[in-house]
Amino acid sequence: MATLYQLARRGVDAIGIDRFEPPHDLGSSHGETRITRQAVGEGGDYVPFVLASHAIWRELEAASGEPLLEACGVLVIAPGSGASSHHGKPDFVARSIETARAFGIAHEVLDGTEARRRFPQLEGISSDDKVYYEPGGGYVRPERCIAVQRDQAQALGARLRLGAQVTSIRQEGDAVRISVGGSEIVADQVVVAAGAWTVPLLGAPFERLLTVRRQVLHWFRLEDPAPHAGAPVFIWMHGAGDEDYFYGFPPLPGDDRFKVATEQYTAATTAESLDRQVSPAESAAMWQAHVAGRVTGVTPEVAQAAACLYTVTPDSGFIIDRHPQQDRVMVISACSGHGFKHSAGIGQAVAAAVTGAPSTFDLTPFSLKRFQVASA
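Presented here is a report on the structure given in the accompanying data block. Note on numbering: residues in each chain are counted from 1, in written sequence order. Local features are withheld for residues below a pLDDT of 70 in this predicted model, meaning they are given only at 70 or higher, and side-chain atom pairs are given and counted only at 80 or more; totals for whole chains, interfaces and linings count all residues. Here the side-chain values reflect all heavy atoms present in the structure, with hydrogen atoms and water set aside.

With that out of the way, let us pick up the packing of aromatic side chains. A pair of Phe, Tyr and Trp rings is counted when the ring centres sit within 6.5 Å of each other, with Trp represented by its six-membered ring. The angle between the planes then sorts it: under 30 degrees is stacked, over 60 is edge-to-face, the rest tilted. According to the stated counting rule, one finds 15 aromatic pairs in the structure shown. Ring centres 6.0 Å apart and planes at 5 degrees place the aromatic pair Trp57 and Phe340 in the stacked group. Of this pair, Trp57 sits in helix H2 (residues 47–64) while Phe340 is found in the loop between strand S22 (326–333) and helix H8 (343–355), placing the two residues 283 residues apart along the sequence. For the pair Trp57 and Phe340, a shared accessibility class is recorded, and that class is buried. Considering the side-chain rings of Tyr247 and Phe249, the 6.0 Å spacing of their centres and the 80 degrees angle between planes classify their relative orientation as edge-to-face. In DSSP terms, a helix is any run of H or I states spanning at least four residues, a strand is any run of E spanning at least two, and both are numbered starting from the N terminus. With a 1.4 Å probe rolled over the protein chains alone, any residue whose accessible area is under 20% of its type maximum counts as buried; one over 50% counts as exposed, and the rest are partly exposed.

A few words now on the packing of helix H1 (residues 2–9) against helix H5 (residues 142–155). Helix axes are fitted to C-alpha atoms over the stretch in contact, other axes to C-alpha atoms as well, and angles between N-to-C directions run from 0 to 180 degrees. Where H1 meets H5, the closest approach of the two axes is 8 Å, and the angle between their N-to-C directions is 30 degrees. In terms of orientation, H1 and H5 fall into the roughly parallel class. Helix-helix and strand crossings are classified by hand; for H1 and H5 the assignment is left-handed. Every residue of H5 that contacts H1 at Ala2, Leu4, Tyr5 and Ala8 is listed here: Gln149, Gln152 and Ala153. Under the scheme applied here, ten amino acids are nonpolar (Ala, Val, Leu, Ile, Met, Phe, Trp, Tyr, Cys and Pro), four are charged (Asp, Glu, Lys and Arg), and all others, including Gly, are polar. Across the contact of H1 with H5, the residue classes break down as five nonpolar, two polar and no charged. Working definition: roughly parallel below 35 degrees, roughly antiparallel above 145 degrees, roughly perpendicular at 65 to 115 degrees, and oblique for all remaining angles. Handedness of a crossing is defined here by the sense of rotation of the near helix relative to the far one, left-handed for an anticlockwise turn of less than a right angle and right-handed for a clockwise turn. Whether two residues touch is decided by their heavy atoms; if any such pair falls within 4.5 Å, the residues are in contact.

Expected span, for any helix, means 1.5 Å times one less than how many residues it has. Given a rise of 1.5 Å per residue, 14 residues ought to cover 20 Å, and the 20 Å separating the end C-alpha atoms of H5 matches this to within 8%. Tucked inside the fold, the buried residues of H5 contact H1, strand S2 (34–36), H2, strand S9 (138–140) and H8. Taken from the residues just after H5, Gly157 is the one with a positive phi, measuring 110 degrees.

For the rest of this paragraph, the subject is H8. At 3.6 residues per turn, the α-helix brings residues three or four places apart onto the same side. Taking 1.5 Å per residue, 13 residues should reach 18 Å; H8 reaches 18 Å between its end C-alpha atoms and fits that length. Of all the 13 residues making up H8, 10 are buried; the element is thus mostly covered by neighbouring parts of the structure. Regarding H8, the residues found buried are Ser343, Ala344, Gly345, Ile346, Gly347, Ala349, Val350, Ala351, Ala352 and Val354. Buried-residue contacts for H8 involve H1, H2, H5, strand S14 (190–192), strand S21 (319–323) and S22. Directly beyond the C-terminal end of H8, a positive phi value near 75 degrees is found at Gly356.

In this section: the sheet that holds S2. Two strands are said to pair when DSSP picks up at least two bridges between them. Within the open sheet, the three strands sit side by side as S2-S9-S3. Their pairing is antiparallel. The open sheet is flanked by S2 and strand S3 (69–70), the only strands paired with a single partner. For S3 and S9, the ladder comprises two bridges, and the chain directions are antiparallel. Bridging from a neighbouring strand, Leu69 pairs with Val140 of S9.

This part is about the packing of H2 against H8. Where H2 meets H8, the axes come as close as 6 Å, and the angle between the chain directions of the two elements is 100 degrees. In terms of orientation, H2 lies roughly perpendicular with respect to H8. Contacts from Phe49, Ala52, Ser53, Ile56 and Trp57 of H2 reach H8 at Ser343, Ala344, Gly345, Ile346, Gln348 and Ala349. The residue inventory of the contact of H2 with H8, partitioned by class, reads seven nonpolar, four polar and no charged.

We now examine the nonpolar core. Counting 63 residues, the largest nonpolar core has Phe49, Trp57, Tyr132, Met237, Tyr247 and Ile320 as the members making the most contacts within it. For this core, the leading source of residues is H2, giving seven residues. In this structure Tyr132 touches Ala39, Val74, Leu75, Val76, Val93, Ser96, Ile97, Ala100, Ile105, His107 and Glu108, once residues within four positions along its chain are discounted. Put simply, a nonpolar core is a bunch of buried Ala, Val, Leu, Ile, Met, Phe, Trp, Tyr and Cys residues held in one set by side-chain atoms that sit within 4.5 Å of each other. The next biggest cluster of nonpolar side chains, apart from the first, holds 26 residues, and it includes Ile169, Ile185, Leu202 and Phe206.

All right, on to the pattern of salt bridges then. In the sections that follow, a salt bridge refers to a side-chain nitrogen of Lys or Arg positioned within 4 Å of a carboxyl oxygen of Asp or Glu. One pass over the full model with this rule turns up 22 salt bridges. Glu184 is paired through a salt bridge with Arg177; the nearest N and O atoms lie 2.9 Å apart. Judged by relative accessible area, Glu184 falls into the partly exposed class, the value being 37%. Residue classification places Arg177 among the partly exposed residues on the basis of a relative accessible area of 26%. Among the salt bridges present, the one from Glu282 reaches Arg214, with a minimum N-O distance of 2.8 Å. With a gap of 68 residues between them, Glu282 in helix H7 (residues 280–291) and Arg214 in strand S15 (residues 211–222) connect regions that are remote in the sequence. Judged by relative accessible area, which is 28%, Glu282 ranks as partly exposed. Accessibility expressed as a relative area gives 16% for Arg214, which makes it buried. Here the salt bridges share partners, and the residues they tie into one network are Arg170, Glu172, Arg177 and Glu184.

Structural data, given as structure tokens:
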């Protein structure tokens, strides 16, 4: 939807195709809230996307009247000594600080004592923890963001074909033929943003580059929502490995639920075989391993739980590149668990790339060449 909106803004004759009806809860872009942070600890290559996304969210808010971005701040917390890792990157707090300084992003560096004083909701912060605080970070509302971009794209002339499954994409000369719902669409160029369905749709070389992981979101009841109102979101590393962490959000206005989640990179799944049911035992284990003793007033009572999908590359980086055998097909995938905050900016970058418009975005770091994938 981000790419479709940006193409429609440029006056391109564009059609968006989806086997479901976005926004929906079957992929990687649901769950009411997604973290956004500007000083991306995964690397400075991502920062232009998220900065552009923030500007686009505000533009869309003005056009639609819908609140999309809540800049409540974001905390990144890690042990003051010893190893820690997030998304495959060691010392994520230091990387976030370095990125913020490089891009002039407003931030503070706090010790654990000061962070706990300012944010008493997080009672488990240790005195020797190190904390990065970014006041301009916070969360976006993914379902609303998708719906607003969908509506704006249609208002600008884009067409939608929903509830229709694409079964093949093949380039013949200067045309790309899309088989969908028993018919065929012929396009000048195609952008594939199929997430966990990329491998079944495109096959090689993506079957060796993309792994789908089941992730689980949990909402626990709060004893009292008031102390958490207006608190920042957080990313909290409390151990050495990528799974020794969790993240959380303040309750939405009028809500008494506290959303938290962690990530797992051990068990693989597929979009079709994903177990979408979350057992009470999973939520109990989440509360005990990560929440208990760390976040004030969060009870073990489960209000809601949901499963979603991450599509991950071997290096946990994005793919934004032309198909190696079909140069009129651009593939966007494998956001590896931190994609939504970048999505509006990626849509802008891809729309510029496929129309040949001038662009300040550098897509080179997201090329397939880093995996030694040969072009035709």
